[in-house]
Each structure stands twice: as structure tokens, then as C-alpha cells.
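Analysis of the macromolecular model
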Amino acid sequence: MPDEDTIEQSQEQVEQRRLSRLLNALPVFSGYITPDGHISRTHPETDASFLWSIPAFSYAHDSVTQIVDLCETAAQGERVQIERPYWKQSSEVESNSYGLGLLTLTPIFDDDANVDEIAVSLLDCDDAGVAQTNEFATSHLSAAHHRIRIVLDLAQTIIEASQGADAITHDKMNRRLDAVINIVDLISDPDRSEVPLKQLVQQSLGNLPERDNHTPLIKRLNKATIPISKVPLIALLLSELFDNASLHGAWRRGPGDPTGTITIKADVLDSAYGKNLHLQWIEEEGPSVPGLLNRGFGFTLAERLFPQLTGGEAQMLNAKNGLCWTFKLPISDAVNDASQAKTS
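**Brief notes about the pairing of strand E11 (residues 313-319)**
Direction of pairing for E11 relative to strand E12 (residues 322-331): antiparallel, over a ladder of seven bridges. Each residue of the ladder has a partner; that of Glu-313, found in E12, is Lys-328.

Structure (C-alpha cells):
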């Protein structure tokens, strides 16, 4: 058997890879400033006092002047987004010292509709694999920035929900982060507007520990697709459902436990308000389910976050031999999705 040091080193390598993948999805610079441009908190941390005095922007007088003007515009309540060069401190080659970045300043208002602070993010267009755009074709960068922000917001929600948890829950948190991070490459394609539900199901199965039994599984997905803006949430939801089924539900394998079945059904139905994807998760013939359930992160995600983030509905039925969930996801066409991404 491997000794404890070997196990610890292996786990450390896994954590380093996970951290590296997460950092690759993060902006180059993000944080908050006051309406007068004073830095309050940032990632990574900086010794600079004002936004225009950080090394990324303070390399030339014209650069400083532009940042000052942008801060004044945001302080008046207008969201600012602009492509502009920035100084790469980590660059070792002089010719590659500058990068093209997408700088976004988003005013945050208080209860009296005054600008309380300004959120700042700088996204490197090259590192993120985002094609450079011109003034007549800005939608791709805007859409890419919107998608990355969805992933980061969801990752932040996972981390906040796991604060103060024990070691077992930290392991769950890592799997949840993996479920979100693993789809970054998938949604980074600016020409992709939807993802097959079948692909997300297979990816969620791949996130389960190898020791878990992943059968029987019945899929009746009818070539259903998920709008790109909802892919991170659906990927996390599926991962959580599979995880809970393996630990507590139909796929639990304890002494004397019956072999349960999971069925996933998907249909697109018309309603008075447009099309809805009806996604059903059905656990049957599995171990007996207690009447009083432990309502942890999975229930919060399904019952509260899903309706809030999608405008849809979620219903749960606690049957004797397994849980049954029904999710109604509003589906907009690709044109509306692109429009929402551009204006958000």
C-alpha cells in the first residue's frame, strides 16, 4: 500500500491541477473601486491606490488618462466595456509585453440609486482564446465575457455554500467545482449557442468516482439541447443529482440494498409563454428513502437556484423507492440568447 506521504503528494498534485484550471478561467484582474477610482479590494492584490496606477495601466500618460475618463463615466452610472492594451508584467520578451484586454467597469448602486462602488474586470483576449473584434462585430467578446462571468458566479456560489464545512463536504465542493470548470472549454466557443443534453449527462457521469456503480441508467433525451447560457447550471445540477443518487439514492450500494434504476427524460413542450424543456429525473426500485430528507446544497440548487437563475420551475416528489424531480427550463432561440448576452 502507498504510504501517507505518497498519498498526500498525489492529492497535492491533484489540487494544484484543479487550481490551475480554475485560474485559467479567471480574469487577469478583478476587484472593486470607489466612484473616485480608489481601489478597495482586488484579485490579485495590488499595492496601487487607484485603478489607473496599477502597472497594467500606468505604463503611459495616455493610458492613465483613458482609465481616469472611464472611471468618471462609470461613476455616473454607465456600464463601460472597452478593448484596450494592457501591460503584462509576467512577460519575459519585450515584444510580447503588451496584451489586448477586455476591460469592464460595472457600477453598483445603493438603495438610493447612487453609485456605491464599481466592479472591475480585465479579461485577456488572447489567453481566453477570444477572437479580436472590431467596432462592427463586438458581440463575440461580449458573449465570451458574459459566459465566463456565469461560470465564475456559479463557482463563487459553490465556495460560499461550503464555507466552514468538514473534510467530506470539501471533497464534494471540489467535485462541484470540477463539474463547472470542466465545461469552460465547451462554452468558450463563441459560435456555439447550445449543447446537447446527452453530452452533459455523459460528462456528469465522468465526474463520479470510479468506485460508484453508474447503472442501470435509462436515457430518453429526444435530442434535447441546452441553451449555452444555462449549460453551467445544468451541468452542476446533473452532477449533483448523480452524486446524491450514488451516496443516498437509487445507486446506493449497501448490504441488502436493491438495485435501483435512474431514468432521465427530456421533452420540449410549447406553453403560452414559449417553449419549455421538461427534464425529468426518476429514481425507482432503489433503497428505501426516508420521509425526512437532509436538505443540503443539492436541494438548494434544485429548489431555489434553478428557478431564480432560469425563470423556470422545479418540483420534487419523495417516492418510497427514490426521488423524482421535474424541471421546466424556458428555452429561447439563439438570436434572443445572443441579444441577452450582449446587453447583460
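Now that the structure has been shown, we can carry on.
**A few points about unusual backbone geometry**
In the segment running from His-43 into Pro-44, the intervening peptide bond is cis, with an omega of 0°. Tracing the chain through its elements places Pro-44 in the loop between strand E2 (39-43) and helix H2 (61-75). At Ala-113, a residue that is not glycine, the phi angle is positive and equals roughly 65°. Positive phi outside glycine occurs at Lys-223, with the angle close to 55°. Note that Lys-223 resides in the loop between strand E7 (217-220) and strand E8 (225-227). A residue is classified by how much of its surface remains accessible, and Lys-223, at 82% relative accessible area, is exposed.

**Some words on the confidence of the model for the chain**
The share of residues in the chain with pLDDT of 70 or more is 76%, and the mean pLDDT across the chain is 79. A low-confidence stretch, residues 91-95 stays under pLDDT 50, and its non-local contacts, those more than four residues away or across chains, total three contacts. Per-residue pLDDT stays below 50 along residues 333-344; that stretch engages in 15 contacts with residues further than four places along the chain or on separate chains.

**Description of the pattern of salt bridges**
The final tally for this structure, using the stated rule, is five salt bridges. Here Arg-176 ties to Glu-240 by a salt bridge, and the two come within 2.9 Å at their closest N and O atoms. Taken together, the positions of Arg-176 in helix H4 (residues 167-181) and Glu-240 in helix H7 (residues 231-247) put the pair 64 residues apart, joining distant regions of the chain. Given a relative accessible area of 5%, Glu-240 falls into the buried group.

**Here's the deal with the nonpolar core**
Where a protein is soluble and globular, its nonpolar side chains tend to be buried together. Among the nonpolar cores identified, the biggest contains 52 residues, and Leu-197 and Leu-200 are the most heavily contacted of them. For this core, the leading source of residues is H7, giving ten residues. Setting aside residues no more than four positions away along its own chain, Leu-200 makes contact with Ile-183, Leu-186, Val-195, Ile-226, Val-231, Ile-234, Ala-235 and Leu-238. Listed in part, the 21 residues of the second largest apolar core include Phe-57, Val-80, Ile-118 and Val-120.

**Comments concerning the sheet that holds E12**
Read from one edge of the open sheet, five strands run E7-E9-E10-E12-E11, paired in mixed fashion. Pairing within the sheet leaves two strands with one partner each, and these edge strands are E7 and E11. Adjacent strand axes in the sheet meet at a mean angle of 15°, parallel and antiparallel pairs treated alike. Contacts between helix H8 (residues 297-310) and the sheet are confined to E11 and E12, with E12 contributing the most and set at about 10° to the helix.

**As for H7**
The α-helix winds at 3.6 residues per turn, so residues separated by three or four positions along the chain end up facing the same way. Here H7 spans 24 Å end to end across 17 residues, near enough to the 24 Å set by a 1.5 Å rise per residue. In terms of burial, H7 is largely enclosed, as 15 of its 17 residues are buried.

**Some remarks on empty space enclosed by the protein**
Within the structure shown, the criterion is met by two cavities of 30 Å³ or more. There is about 80 Å³ of room inside the largest cavity. As for the largest cavity, its lining consists of Lys-172, Arg-175, Arg-176, Ser-204, Asn-207, Leu-208, Ser-239, Glu-240 and Asp-243. When its residues are assigned to classes, the lining of the largest cavity shows one nonpolar, three polar and five charged. Computed from the structure, the second largest cavity encloses a volume of approximately 30 Å³. Lining the second largest cavity, in full, are Ala-179, Ile-183, Leu-200, Gln-203, Ser-204, Asn-207, Ala-235 and Ser-239. Among the secondary structure elements, those contributing two or more residues to the lining of the second largest cavity are helix H6 (197-206) and H7. Counting residues per element, the lining of the second largest cavity draws most heavily on H6, at three residues. Counted by class, the lining of the second largest cavity contains four nonpolar, four polar and no charged residues.

About the cut-offs
Along each chain, the written sequence defines residue order, and numbers are assigned to residues from 1. The model is predicted, so local features are restricted to residues of pLDDT at least 70 and side-chain atom pairs to those at 80 or more, both for listing and for counting; the totals for chains, interfaces and linings are taken over all residues. Here the side-chain values reflect all heavy atoms present in the structure, with hydrogen atoms and water set aside. A pair of strands is treated as paired once DSSP finds two or more bridges between them. Put simply, DSSP H or I for four residues or longer makes a helix, DSSP E for two residues or longer makes a strand, and each gets a number counted from the N terminus. Between buried and exposed lies partly exposed: a residue is buried under 20% and exposed over 50% of the maximum accessible area for its type, with that area taken using a 1.4 Å probe on protein chains only. Confidence of the predictor at the level of single residues is given by pLDDT, which spans 0 to 100. We call two residues in contact when some of their heavy atoms are within 4.5 Å. Any carboxyl oxygen of Asp or Glu that lies within 4 Å of a side-chain nitrogen of Lys or Arg is treated as forming a salt bridge with it. In plain words, nonpolar cores are sets of buried Ala, Val, Leu, Ile, Met, Phe, Trp, Tyr and Cys residues tied together by side-chain atoms within 4.5 Å. Axis definition: a line fit to C-alpha positions, over the contact stretch in the case of helices; interaxial angles, taken between N-to-C directions, run 0 to 180 degrees. Expected helix span is computed as 1.5 Å times (number of residues minus one). Using protein atoms alone on a 1 Å grid, points that fit a 1.4 Å probe yet trap it form a cavity, whereas open point sets bounded by protein on both sides within 12 Å along at least five of seven lines form a pocket; residues with an atom within 4 Å of a point count as lining. Grid points are joined across faces, edges and corners, and a volume is the space filled by probe spheres set on the points. The residue classification treats Ala, Val, Leu, Ile, Met, Phe, Trp, Tyr, Cys and Pro as nonpolar and Asp, Glu, Lys and Arg as charged. All others, Gly included, are polar.

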